[in-house]
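The lines below spell out each chain.
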Amino acid sequence: MIELRNYQILSVEKLRENILKGIKKQILCAPTGAGKTIMFSFMCKNAFDKGKKTLIITDRIELLTQAGGTLENFGLKPIEINSKKQLKTLNGVLYVGMAQTISRRLALKEYQDFFKTIDLVIIDEAHKQTFNSLLEYLSEKCIVVGATATPFREKNQKSLDDFYQSIVEVVKISTLINDGFLAKPQTFGVKINLDGIKITKGDYDETQLAQRYSEIKLYDGVYENYQRLTPNKKAIIFATNVESSKQIVNDFKEKGLPIEHIDGTTPTSERKRILKWFQNTPNAMVSNVGILNAGFDCPDIDVVILYRATMSLPLFLQMVGRGSRTTKNKKTFTILDFGNNIQRHGFWEQDREWSLKKKRKKDGVAPVKDCPECFAILPASTRTCNYCGHEFEKTEKEIEEEVIVELQQMSYQQIKDEIKTADFKKLEQIAKAKGYKMGWIYHQIYTQGQLEEYAKYKGYNQAWVKYQIESRESNQELSLSKIRNENRNTTT
């Protein structure tokens, strides 16, 4: 029997609390590697013990039905709904099935009736659209828990709040890293020019992207950086398309690296052989196209190579997450990004706020910079590279920000003293620090010659100088007139 971690227990308790409040459709959100399968399997065990009919809908059925898998470790042996055989009866208590197979079976009345009798439905990888049409067949009393690390729908997809009422998220990636449950990433990358590559269905066109990578011989850069940073480490490569993946595999094989390729057309027996070899070989590498993004667990993966660019945040998080598992000897892993993905989506480990609505609250992608020595991708505020010790010189903007902070802390008298010797740039810094309007600066400039110098500094023309002089003369005349009127009134 598997023992749940504290955050897993709390997640299940939160789901139960919501059910008691009448919330029947919820998203269970937890990062890749947090143990979502363990959490929903625990819920299935409790439902099974109470005689509740449960259905797990997934697109990675092998992981849920394999010997020694999570369900078996909870003492559960589900009835499998698959395309290879017809079930004689639907009177069991626990079922697991592929979304596509179940969708086809729902054309039959017996499966429609079966759906009406289900008490609990677990949807694995619930952010995918595959499951949308299945929910309408469930009864109103049915409890639905959709498990996903990325509760996010793209612009052209149906919003999750069309199907779910609430999100339960107890833990984030950063916390799991700090607590030792996930490996800490080290991030390196090479910037790629993606100008001119068209967007197809919300993401970079695969053919054009692969062609660009081939033209610039990016695989040479991948090889050089892999050998420089992570030689002989177990690595998983995510390629743009089949041709691109095979190209990098052929190149690496010619250079003597142990590497294989798999994609959607790889025969099942061959795929199993390659993945078994990969899992049992310490320095193996496997390149894939759309196969190992989710549902593939190999804890000793040391390196994730993004040999592609994507505009999809869920895909980015899922790919990198393949390297985030910890082992007894592995507490860190390396990301090699060859698609500007970190610049686009932010660091994999940063906290993100999720929403059921399509317009997810903006997390704000923190600015980053590259280390010129080792190509590490670092937060823009970094002064010393964590990996090679390179010291960054302060930018003009950073120096100015430091000056402004100092000015903010000055007293009124100190600012008055500072103004006496301040140049135009310093006057602007004082105005910004103290929240003065820009017109304040003009009042610190007393002569026509100073006005002309300031106009030159700002790039203003002579008409601006003339306007300022006329405006001052007019204001001065108004002030004199006001004084004369006050004197008359006093005399009267």
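In this text the structure is predicted, and so the values were computed from the model without any measurement. (Residues numbered from 1 in each chain as written. Predicted model: local features only at pLDDT ≥ 70, side-chain atom pairs only at ≥ 80, totals over all residues. Heavy atoms only, no water.)

*Asks:* Explain the packing of helix α1 (residues 6-20) against helix α2 (residues 36-49) to me, please; I cannot follow it from the model alone.
*Replies:* Packing of α1 against α2 brings their axes to within 10 Å, and their N-to-C directions diverge by 55°. One way to sum up the angle between α1 and α2 is to call them oblique. Between α1 and α2 the crossing geometry is right-handed. Where α1 abuts α2, its residues Q8, S11, V12, L15 and R16 lie against I38, M39, F42, M43 and N46. For the contact of α1 with α2, the per-class residue count stands at six nonpolar, three polar and one charged. (Axes fitted to C-alpha atoms, helices over the stretch in contact; angles between N-to-C directions. Helix = DSSP H or I, 4+ residues; strand = E, 2+ residues; numbered from the N terminus. Parallel < 35°, antiparallel > 145°, perpendicular 65-115°, else oblique. Left-handed = near helix turned anticlockwise from the far one by under 90°. Contact = heavy atoms within 4.5 Å. Nonpolar A, V, L, I, M, F, W, Y, C, P; charged D, E, K, R; others polar.)

*Asks:* Please clarify how the side chain of D124 should be interpreted in this entry.
*Replies:* You can see D124 is positioned in strand β5 (residues 120-124). There is a polar contact of 3.3 Å between the side chain of D124 and the side chain of T58. (Polar contact = N/O pair within 3.5 Å; in protein donor to acceptor, adjacent residues only side chain to side chain.)

*Asks:* I keep staring at the packing of aromatic side chains and nothing clicks. Help me out?
*Replies:* The description of an aromatic ring pair uses the distance of the two centres, along with the angle that the planes make with each other. The final tally for this structure, using the stated rule, is 18 aromatic pairs. Where Y460 meets W464, the ring centres are 4.9 Å apart and the plane angle is 50°; that geometry is what we call tilted. In this structure W464 comes out as buried when scored by relative accessible area, which is 15%. Of note, K255 hangs over the ring of Y223, and the distance from its end group to the ring centre comes to 4.4 Å. (Phe/Tyr/Trp six-rings, centres within 6.5 Å; stacked < 30°, edge-to-face > 60°. Buried < 20%, exposed > 50% of the residue type's maximum accessible area, 1.4 Å probe, protein only. Lys NZ or Arg CZ within 6 Å of the ring centre and 35° of its normal.)

*Asks:* Would you take a moment to explain the sheet that holds strand β14 (residues 303-307) for this structure?
*Replies:* Consider a sheet: its strands pair through backbone hydrogen bonds, and that pairing is either parallel or antiparallel. Across the sheet, six strands lie side by side as β8-β15-β14-β11-β13-β12; this open sheet has parallel pairing. Whereas interior strands pair on both sides, the edge strands pair on one side only; in this sheet they are β8 (184-189) and β12 (259-262). Strand-to-strand twist across the sheet, computed as the mean angle between neighbouring axes with direction ignored, equals 20°. Summarising the sheet, β8 and strand β15 (residues 332-337) pair through six bridges and their orientation is parallel. Bridge assignment links G189 to a residue of β15, and that residue is D337. Sheet strands in contact with helix α12 (residues 313-321) are β11 (235-239), β14 and β15, and its direction is about 145° off that of β14. (Pairing = 2+ DSSP bridges.)

*Asks:* Just checking my understanding: could you explain the pairing of strand β7 (residues 166-169) for this structure?
*Replies:* Look at any regular strand and the pattern is simple: side chains alternate between the two faces of the sheet. Going residue by residue along β7, you find S166 and V168 tucked away on one face and I167 and E169 left uncovered on the opposite face. Here strand β1 (residues 25-29) pairs with β7 via four bridges, running parallel. Opposite I27, over in β7, you have I167 as the bridge partner.

*Asks:* Explain the packing of helix α15 (residues 412-421) against helix α16 (residues 424-434) here, please?
*Replies:* Relative placement of two packed helices is described by the angle separating their axes and the distance separating the axes. The geometry of α15 relative to α16 is characterised by a closest axis approach of 10 Å and an angle of 160° between their N-to-C directions. Compared by their axis directions, α15 and α16 come out roughly antiparallel. The element α15 and its partner α16 pack so that their crossing is left-handed. Where α15 approaches α16, its residues I415, E418 and I419 are matched on the opposing element by K426, L427, I430 and K434. Split by residue class, the contact of α15 with α16 holds four nonpolar, no polar and three charged.

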